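# Structural description and commentary
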Amino acid sequence: MCLLKAFVLLLAFVVVVPGNLYAKNHGTVSGLASPAAESGSSQEISSGYHIKGNRTATRVTLDEYIRMVIQNNNDLAVHYLDFKATQETARGEEGAFEPEFVTSYQAGEDRVRYSQEDKSSVLFAQERDAASSDFSASVQMLTPTGTTLKVLHSTRKYKDRTTYDDYDYTSKVGVEVTQPLLKGAGTAPVAQLRAALAESDEAYHLYRTEKQETVKQALMACWDLYGAMEKLKVRGESVRIARALFENNRKRAALGRMAETEVLLAEAGLNKRLAFETMADQECDAARDRVRTFVSYAQEGQPLSIDFSHADRLPDHRAEYAGSMQRAFSYRPEYQVLRHRILKENIRLKFAENQRWPQVDLKGSYGLNGLGDSVGDAGENAFHDDYRTWSVGVYFSVPLMGGIQARSQLSIAEMNKRKALLELKSLEVDVANTIHSLTGEVNSAFDQLDYLSKSSEANERLLKMVLARFNAGRTSSDEVLNREEDAIEAKEDRLDGFVQLQKSMVELRAAEGRLLVQYVGDPGAGLVGEQVAQAR
């Protein structure tokens, strides 16, 4: 019973103490493995809207639609699963420090007739007739400091029937320790785990990058849909004017007050506008299909309608380069990706540097031995008798050619770190140029929209004047149709300018990394500029 209690205490020491040591030195593993804890945002896909079966069209706002995209987009779900896989990989690396319980039992007999040579070393016996059984149990583990710790217990039951009828019981309880002093020492044992955690964080921000790109493309599709819907309305108004003109001319011609050519001109103009309306309707359907694609909806089963009533307002300010650059450096997920990539390569570089050292391990063991007429007696005597076994030694190993593999791995690690730093520099240049172009594009779009709005208003007034002259009989149908076509073209140009401004603003917010903040409340990791600088 005392032996069992002692073994339980040793087992608790092995399992609990190294775990507390790891938590003290490195923080909890679950905390390190959670990108949400670092980024301040939820890792789970946001709850959204599920529509199954045949239903009436779902009408949602633009913000609600973006949340539906994040919930239902299949391509985005693939990237999310890639991120979750890296989390599981990081969890798997924790297994290197998981205690392992090993036990074995073996029983057998050994009956042998002695040879003349054997008889010379024993008295009177002609043979050996022995029975034995062996039981062993141990708990072994690797600690974050690199120490390999093994706590073991073994019991042997033995009897030689030729000399003695009773069994002898021997018991041993001991500890074996191996501690690397050079190669494998320091932070090397946790390097793979730390690298896996950094890679998991990198994958999380890659997922955020893909999420922002998906949101951007979905918003682009929404504004294309808005433009197509508004153009359909404009074309419908054009058809209404042309049809009214045709009906008016036909009535006048029937009364003999207008030439037949005016009727034909009006009819040709009406048919041309009907064709344009049909084309606009088809473009509207195509735009709706693109919008549905982002939420993985099929036309026949899941109709969808977006309410733009609160989304078609003009931005309240123009773009400003310095502010956009600051926001980009603060919020872009690509910076977070490279920050964790550089951190990961730093960890791997330090590990590769450690592997260049020769293997020098300090080994030690200590055990207690007991002998008795039963298992209990042997265990009791092991702790009370003064029969100890101990050893201390050093193990040394060094490659004779200087460690070809270690040097190669170190060179690779150095190149990978240099590559990550160059990627960061390249990203900084790309972001600066992209934002400079987009701020100019947004401000240009503001100016263009202002001019196009004035042009549309002027053409609308001119059309009203021509219609008044036509009703007074002072101009022809051809003049009305020409002015109406100019007015419609000006309206469409203004509409294109408005949509282009909105799309340019989406592009700029994406370049600043603010789309996720604006639409799904995902702030990323907040201000990351200093973190990126420290990761260098």
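Residues numbered from 1 in each chain as written. Predicted model: local features only at pLDDT ≥ 70, side-chain atom pairs only at ≥ 80, totals over all residues. Heavy atoms only, no water.

## Quick look at the overall build of the protein chain
Helix and strand counts for the protein chain stand at 15 helices and eight strands. Going through the 536 residues of the protein chain one by one, you find that 40% of them count as buried. Summed over its atoms, the accessible surface of the protein chain is roughly 29,100 Å², and 53% of this surface lies on carbon and sulfur atoms. (Helix = DSSP H or I, 4+ residues; strand = E, 2+ residues; numbered from the N terminus. Buried < 20%, exposed > 50% of the residue type's maximum accessible area, 1.4 Å probe, protein only. Areas by Shrake-Rupley, 256 points an atom, 1.4 Å probe, with all protein chains shown as cover.)

## Considering the nonpolar core
With 59 residues, the main nonpolar core has Tyr65 and Ile306 as its most contacted residues. No other element matches helix H7 (residues 191-254), which puts 13 residues into this core. In contact with Tyr65, other than residues within four places in its own chain, are Val60, Ala218, Cys222, Val291, Phe294, Val295, Leu304 and Ile306. By size, the runner-up hydrophobic cluster in this structure holds 12 residues, among which are Val239, Phe246, Val263 and Ala266. (Core = buried A, V, L, I, M, F, W, Y, C linked by side-chain atoms within 4.5 Å. Contact = heavy atoms within 4.5 Å.)

## Considerations on the pairing of strand S7 (residues 359-372)
Bridging between strand S5 (residues 168-180) and S7 involves 12 bridges; their strand directions are antiparallel. Bridge pairing links Ser171 to Gly370 in S7. Judged from the 10 bridges that link them, S7 and strand S8 (residues 388-397) form a sheet pairing that is antiparallel. Within S8, the position partnered with Leu362 by the bridge is Val394. (Pairing = 2+ DSSP bridges.)

## Describing the packing of helix H9 (residues 321-331) against helix H13 (residues 477-512)
One can describe the packing of H9 onto H13 by two numbers: an axis separation of 7 Å at closest approach and a directional angle of 50 degrees. Comparing the axis directions of H9 and H13 gives the class oblique. Two secondary-structure elements touch here, H9 through Ser324, Arg327, Ala328 and Tyr331 and H13 through Leu508, Ala511 and Glu512. Taken together, the residues that form the contact of H9 with H13 break down as four nonpolar, one polar and two charged. (Axes fitted to C-alpha atoms, helices over the stretch in contact; angles between N-to-C directions. Parallel < 35°, antiparallel > 145°, perpendicular 65-115°, else oblique. Nonpolar A, V, L, I, M, F, W, Y, C, P; charged D, E, K, R; others polar.)

## Some thoughts on the packing of aromatic side chains
According to the stated counting rule, one finds 10 aromatic pairs in the structure shown. Centre to centre, the rings of Tyr80 and Tyr207 are 5.2 Å apart; their planes meet at 65 degrees, and the pair counts as edge-to-face. One end of the pair, Tyr80, is in helix H5 (residues 74-93); the other, Tyr207, is in helix H7, with 127 residues separating them in the sequence. Using a relative accessible area of 1% as the deciding quantity, one classes Tyr207 as buried. (Phe/Tyr/Trp six-rings, centres within 6.5 Å; stacked < 30°, edge-to-face > 60°.)

## Digging into the pattern of salt bridges
Pairing is possible between side chains of opposite charge, provided their charged atoms come close. Throughout the structure, instances matching the rule amount to 28 salt bridges. Here Glu237 ties to Arg240 by a salt bridge, and the two come within 2.6 Å at their closest N and O atoms. Within this pair, Glu237 and its partner Arg240 are both found in helix H7, separated by three residues, close to a single helical turn. Residue classification places Arg240 among the partly exposed residues on the basis of a relative accessible area of 47%. Residues joined by salt bridges that share partners form a network here, namely Glu202, Arg341, Lys344 and Glu423. (Salt bridge = Lys/Arg side-chain N within 4 Å of Asp/Glu carboxyl O.)

## Some points on helix H10 (residues 333-354)
Taking 1.5 Å per residue, 22 residues should reach 32 Å; H10 reaches 32 Å between its end C-alpha atoms and fits that length. For H10, the buried fraction is high: 16 of the 22 residues fall into the buried class. (Expected span 1.5 Å × (residues − 1).)

## Examining the side chain of Asn459
Note that Asn459 resides in helix H12 (residues 404-471). Residue class for Asn459 comes out buried when judged on its relative accessible area of 18%. Among residues more than four places away in sequence, those in contact with Asn459 are Asp486, Ala487 and Ala490.

## A closer look at a nonpolar patch on the surface
A cluster of nonpolar residues, Leu181, Leu362, Tyr366, Trp390, Val392 and Val394, forms a patch on the protein surface that exposes about 650 Å² of accessible area. Taken together, the elements giving at least two residues each to the nonpolar patch come down to S7 and S8. Top element by residues in the nonpolar patch is S8. It accounts for three residues. (Patch = residues over 30% accessible without salt bridge, like charges linked within 9 Å, V, L, I, M, F, W, Y side chains within 5 Å.)

## With respect to the environment of Lys417
Relative to the helices and strands, Lys417 resides in helix H12. Residues Lys417 and Arg341, spaced 76 residues apart in sequence, show a C-alpha to C-alpha distance of 8.5 Å. Polar side-chain contacts of Lys417 include one of 2.8 Å to the side chain of Asn346. (Polar contact = N/O pair within 3.5 Å; in protein donor to acceptor, adjacent residues only side chain to side chain.)

## A short note on the confidence of the model for the protein chain
Note: predicted coordinates in regions of low pLDDT should not be interpreted at a detailed level. For the protein chain, per-residue confidence averages 82 on the pLDDT scale, and residues scoring 70 or more make up 81% of the total. Every residue in residues 1-55 is under pLDDT 50, and counting partners more than four places away or in other chains gives 102 contacts. The low-confidence segment residues 525-536 (pLDDT under 50) makes 26 contacts with residues lying over four places distant or belonging to another chain. (pLDDT = per-residue confidence, 0-100.)

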